[in-house]
Amino acid sequence: MSEALRFEILGPQRAWYADRPLDLGPGKQRAVLAVLLLAAGRPVPTGQIVDAVWPEEPPANGPNVVQKYVAGLRRVLEPDRSPRTPAQVLTLTDAGYLLRIPPEAVDAVRFERGVRRARQWQAAGRTEDALAEVTGALERWQGEPFTGFTGAYFDAARHRLVELRAVALETRTELELASGRHGELVGRLVELVAEFPVRERLRHQLMLALHRGGRQAEALAAYRDFADLLREEYGIEPGEALQDLHRRILRSDPTLTTPAPPASSAPHAPPAPSVPQGPFATHGPFATQASSAPSAPPAPAPVPAPRAGGTPDATGLPDGSTSAAPEAAAGRPAPAPATTGPAAAPAPAPDVIGLAHAAAPAVPVPPAAPGWDPGPVGPLTPVPHALLVAMNQPAGASADRRAPGWVRLAATVAGTATVLVSFGSLTWAVVLGYALWRRSWRLALAGMGYFLLVFSVFVLAVSSPESEEISDGEALYLIVAMGTCWLLGTAHVVLLNPTLWGAVGGLFWTGRQRTDEQRRLRREQARYLLHHYPAARVDLRIGRPDLLRTYDDGGLVDVNAVPDPVLATLPGLTVDQRRQVAVDRWLRGPYGSLEELAGRCHLPPAAAETLRDVLLFLPPEPPPVRHS
């Protein structure tokens, strides 16, 4: 029976038995089925179903309501079963409800496997086969999944699938560029950039396609638009790979006009992203997106032996990697897939009785944060000393490096003096000057506001007859308008200096808030460093709070490497859940992603999300090679 069932969740939720469509019933019953499909082949506890389907107001008799919808699903999925015959497709086990269907019965699994095969064929140099495979996989996508379902559980699953589609689109574009089809790509890439405005890999591919099509000016304009977007919205600059492509286009690098060689013949080419792992995955670190065909970096300095974690499999979603990523400037390399199960070298059994009481350094609970992207630097690239010094600067240091500090200070002094001396009548000019400098439409609007106030005062003064005294209302308006332009304008210009703005903002932070923000920035820096320079994993001992070290990574924990006492301090988990993580790791091997950890240990979505910004899922380091 289960072999004849087919399900679609990449768009409107639908199901078929053989060629006959099935009526899945009311919305809540469909939501229960969606939860079971996301965990197909694994039991789902009743409490987890209740939390996912009723995230805000769970019913008082939640298990009974779930049982009612499960009974309805059994009638739909097994219409020929008699009432007294035990269900075969949807059964109840000690661990929860289990949907017994083959994985390929779900379109999302077929989609994910298709993208993974395309990545494997691409690595083998079979460009046309890889392109046909990823194109066929993308044809399964029918629209946004889980429409109408709300809550953190479905939001996370929806985000993962959308991320997977974005990676597949980037992979297809990369293959088409390698096949010399840049002429037909520009229009589609413009649409994709509008749909995914901050994915640097798509911007990289758009610039490359434009340049190869002889549209160098448009390629440079695309870079400028993206750089403006990042500065205005996020206060950051484009990634190194995108900046490098920009420089190469400026100097008309002839190597950009020909497609890159196959991955197998390009020893230093950055790895392209692989498939995000999630509820359907069984292994693989979850990272996000790598850069598209950036220029080959210089050969790295030799080191004694490769270090684990340096072979990116791309997206924060690898094959075998999501919350690493993406995203993804031109990328940040993700760790290679970890071997799980019996093949992993067994470690001594954990002391599960005393695990929760073991003393270990506390790990703070950080806010959920987006993932990070792989980068173009190979696994053997050593960590430059200058970068290590920069990464160890105070986390709260200003990130504004568009102009030297003395230039910003001089601009602040000149602008403030202009406002004060003119009694606010030239505030608009100063603010508009900053708007042009920073290319900020918000500052332009503020400057126009100041101008309208000054202009209204001028009109009022000119239109009033000299023989008449102005009224009290007009006098009050003049005082308020000029006072706003003078006093408020002075404060505005002073605070346009990012250093002063950060100092003023810091006055309103509590000590705990300031510490949490600094640790969050430390974690981001450590992830960035780890994915651009995988050797930092060993050199700086990132993710190992149990080891002596001088580098502060903000409290990251490499869940596959730390001893059991550190697992006992994971935030947001109960004592039993922490014990389960340790036992499961010992029995079944390392984890490849947060989704895999949550699935294997049956963690509720809320508890799993608290770990997203703390945990690293690096593959275990290989044992040292012994030479006889």
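Presented here is an overview of the structure given in this document. Small disclaimer: the values here were computed from a predicted structure and weren't measured.

### Section: the overall build of the protein
Assigned secondary structure in the protein consists of 22 helices and seven strands. When the 628 residues of the protein are sorted by exposure, 48% land in the buried category. Of the accessible surface of the protein, which amounts to about 29500 Å², a share of 60% is contributed by carbon and sulfur atoms.

### Description of the sheet that holds strand β2 (residues 14-17)
Taken in spatial order, the three strands make up an open sheet running β1-β2-β3, and their pairing is antiparallel. The outermost strands of the open sheet, each flanked by one partner alone, are β1 (5-8) and β3 (20-21). Here β1 runs beside β2; their pairing, made up of four bridges, is antiparallel. When the sheet's bridge partners are listed, Glu-8 is paired in β2 with Arg-14.

### Describing the packing of helix α7 (residues 186-195) against helix α8 (residues 200-212)
Interhelical geometry of α7 versus α8 gives an angle of 155° and a closest axis separation of 10 Å. It follows from the interaxial angle that α7 and α8 lie roughly antiparallel. The way α7 lies across α8 gives a crossing that is left-handed. Judged by residue contacts, Val-186, Leu-189, Val-190, Leu-192 and Val-193 of α7 engage Leu-202, Arg-203, Gln-205, Leu-206, Ala-209 and Leu-210 from α8. The residue inventory of the contact of α7 with α8, partitioned by class, reads nine nonpolar, one polar and one charged.

### Describing a nonpolar patch on the surface
A grouping of Met-448, Phe-451, Leu-452, Phe-455, Phe-458, Val-459 and Val-462 is seen on the molecular surface, where their side chains present a nonpolar patch of about 670 Å² in accessible area. Mapping Val-462 onto the fold places it in helix α14 (residues 441-463).

Parameters and conventions
- Residues numbered from 1 in each chain as written.
- Predicted model: local features only at pLDDT ≥ 70, side-chain atom pairs only at ≥ 80, totals over all residues.
- Heavy atoms only, no water.
- Helix = DSSP H or I, 4+ residues; strand = E, 2+ residues; numbered from the N terminus.
- Buried < 20%, exposed > 50% of the residue type's maximum accessible area, 1.4 Å probe, protein only.
- Areas by Shrake-Rupley, 256 points an atom, 1.4 Å probe, with all protein chains shown as cover.
- Pairing = 2+ DSSP bridges.
- Axes fitted to C-alpha atoms, helices over the stretch in contact; angles between N-to-C directions.
- Parallel < 35°, antiparallel > 145°, perpendicular 65-115°, else oblique.
- Left-handed = near helix turned anticlockwise from the far one by under 90°.
- Contact = heavy atoms within 4.5 Å.
- Nonpolar A, V, L, I, M, F, W, Y, C, P; charged D, E, K, R; others polar.
- Patch = residues over 30% accessible without salt bridge, like charges linked within 9 Å, V, L, I, M, F, W, Y side chains within 5 Å.
- Salt bridge = Lys/Arg side-chain N within 4 Å of Asp/Glu carboxyl O.

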